Amino acid sequence: MGDPRKLRKKYETPKHPWVLTKIISERPLVVDYGLKNKTEIWKSQSLLRKYAHQAKKLSNIKNEHFRRELEQLLSKLTKLGLLKQGADKEDVLSLNVRDILNRRLQTLTVKKGLAKTAKQARQLIVHGHIAINGQKVTIPSYLVQIDEENKISYLPKSTFNNPDHAERILINEMNKGTKEEKEVLESKRKKLEEHKNDTK
């Protein structure tokens, strides 16, 4: 039968876990994007480092094969909505964690008005209520491509597909509110989340 395959982490953790500046900088990301834990931030940072490393390596070698690989990398990031058409190596190096987090299915579910908060969006996705092009997706960290963005909806079989669903009514009411009302509600929600994180 042989030895079982050794599973390795696909992301890098901080060299030291108790760096105050890092803790302070990561806390708003957890609250703003409704992340389960900081592991999701570290995964995004590792992905950014991977793209930056590839861009540097491929652009420093003057070779037709490497030039094509760089074009493929830029094309991939453009499809993911991380870069604009005509971007180059410098644009890849200027990407930050929020650029990655903004392309997550969890974030886009809120932006499209399918959920009131990022926490609720995560719950809807994990419980199988959200679909892309009619196909159920249960991974909140799934990076949505540009051509998939307009295909995010409730799963056809989901109870949330019913406009009379109690939560749907609340979500619609919140979406109808003025910009100022939304900002007040969002501010209150963030303060509540920060308070919960501080008391843990």
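Now for a description of the structure that goes with this document. Small disclaimer: the values here were computed from a predicted structure and weren't measured. (Residues numbered from 1 in each chain as written. Predicted model: local features only at pLDDT ≥ 70, side-chain atom pairs only at ≥ 80, totals over all residues. Heavy atoms only, no water.)

1. Side note on the overall build of the chain
Next, step 1: Secondary structure assignment for the chain yields 9 helices and 3 strands.
Next, step 2: In sequence order, the secondary structure elements of the chain are arranged as α-α-α-α-α-α-α-β-β-β-α-α.
Next, step 3: Counting all 200 residues of the chain, 36% fall into the buried class.
Next, step 4: Contacts spanning at least 24 positions in sequence make up 55% of the contacts within the chain whose residues lie at least 6 apart. (Helix = DSSP H or I, 4+ residues; strand = E, 2+ residues; numbered from the N terminus. Buried < 20%, exposed > 50% of the residue type's maximum accessible area, 1.4 Å probe, protein only. Contact = heavy atoms within 4.5 Å.)

2. Re the environment of Leu82
Next, step 1: As for its position among the elements, Leu82 is in the loop between helix H3 (64-79) and helix H4 (89-93).
Next, step 2: Taking the C-alpha atoms as reference, Leu82 lies 7.6 Å from Arg103; in sequence the two are 21 residues apart.
Next, step 3: Discounting residues that sit within four places of it in the chain, Leu82 has contacts with Tyr51, Leu77, Leu95, Asp99, Ile100 and Arg103.

3. Digging into the packing of helix H1 (residues 20-33) against helix H2 (residues 39-60)
Next, step 1: It is at 10 Å that the axes of H1 and H2 come closest, and there the two elements cross at 100°. Taken together, the axes of H1 and H2 are roughly perpendicular relative to one another. Of the residues in H2, those touching H1 at Lys22, Glu26, Leu29 and Val30 are Ile41, Trp42 and Gln45.
Next, step 2: Tallied by class, residues from the contact of H1 with H2 come to 4 nonpolar, 1 polar and 2 charged. (Axes fitted to C-alpha atoms, helices over the stretch in contact; angles between N-to-C directions. Parallel < 35°, antiparallel > 145°, perpendicular 65-115°, else oblique. Nonpolar A, V, L, I, M, F, W, Y, C, P; charged D, E, K, R; others polar.)

4. Concerning unusual backbone geometry
Next, step 1: With phi around 55°, Asn133 is a residue other than glycine that occupies positive phi space.
Next, step 2: With respect to the helices and strands, Asn133 occurs in the loop between strand E1 (130-132) and strand E2 (135-136).

5. Re the pattern of salt bridges
Next, step 1: Evaluated as defined, the whole model comprises 12 salt bridges.
Next, step 2: Among the ionic pairs, Glu167 bridges to Lys116, the shortest N-O distance being 3.4 Å. Here Glu167 is found in helix H8 (residues 166-176), whereas its partner Lys116 is found in the loop between helix H6 (105-111) and helix H7 (118-126), with 51 residues between them in sequence.
Next, step 3: Residue Glu167 is classed as partly exposed on the basis of its relative accessible area, which comes to 23%.
Next, step 4: Look at Lys116 and you get partly exposed, because its relative accessible area is 26%.
Next, step 5: A network of salt bridges, in which partner residues are shared, links Glu64, Arg67, Arg68 and Glu71. (Salt bridge = Lys/Arg side-chain N within 4 Å of Asp/Glu carboxyl O.)

In short, the description is geometric, and any link to function would need to be established separately.
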